[in-house]
Amino acid sequence: MATDRGELTSYEFRQMRARLLAESDVCIVCGHGASDTADHVIPVSKGGARLDPGNLAPIHGVAGCPVCLRKCNSEKGDKPLSAVTQLVTSVDWFAGP
């Protein structure tokens, strides 16, 4: 696990997170809206870029998903997205509006 997480409070990271969530709030793990944070798709501990907007995606943070109640970011941890069980529902939440 990466020990230096100071970039998460940097102005640059907060701006990228705000832009990302303004574009879409659909969680990469469960597919429900109302994501409140951004997560590195390729974990920094596995070689992912810390401040690359292409390596960030919306995810539900500490409060969890208001629909399925999953703690998506905690569940993903430092695993690649392919190692996380994504939610399968009758609605394709990833399709967008």
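What comes next concerns the included structure.

Procedures and definitions
For every chain, the first residue of the written sequence is number 1, and numbering continues from 1 along that sequence. For a predicted model such as this one, the threshold for reporting local features is a pLDDT of at least 70, and the threshold for listing and counting side-chain atom pairs is 80 or more; totals across whole chains, interfaces and linings nevertheless cover every residue. Working from all heavy atoms in the structure, the side-chain values ignore hydrogens and water. Comment: elements are numbered from the N terminus, with helices defined as DSSP H or I runs of at least four residues and strands as E runs of at least two. Each residue is placed in one exposure class: buried if its accessible area under a 1.4 Å probe, protein chains only, is under 20% of its type's maximum, exposed if it is over 50%, and partly exposed if it falls in between. Contacts are assigned to residue pairs with any non-hydrogen atoms lying within 4.5 Å of each other. Using a 1.4 Å probe, the Shrake-Rupley method yields the accessible areas, and only the shown protein chains count as cover for residues. Only a pair of cysteine sulfur atoms within 2.5 Å counts as a disulfide in this structure description.

**Re the overall build of the protein chain**
Next up, step 1: The number of helices and strands found in the protein chain is 2 helices and 2 strands.
Next up, step 2: Moving toward the C terminus, one meets the helices and strands of the protein chain in the order α-β-β-α.
Next up, step 3: The burial tally for the protein chain puts 33% of its 97 residues in the buried class.
Next up, step 4: When contacts within the protein chain are restricted to residue pairs at least 6 apart in sequence, long-range pairs at least 24 apart make up 60% of them.
Next up, step 5: Accessible surface computed for the protein chain: about 5,800 Å², of which carbon and sulfur atoms make up 57%.

**Some remarks on the state of the cysteines**
Next up, step 1: All told, the structure shown has 0 disulfides when counted by the stated rule.
Next up, step 2: The cysteine Cys68 is free of any disulfide, with Cys65 supplying the nearest cysteine sulfur at 3.6 Å.
Next up, step 3: Given the relative accessible area of 24%, Cys68 is considered partly exposed.

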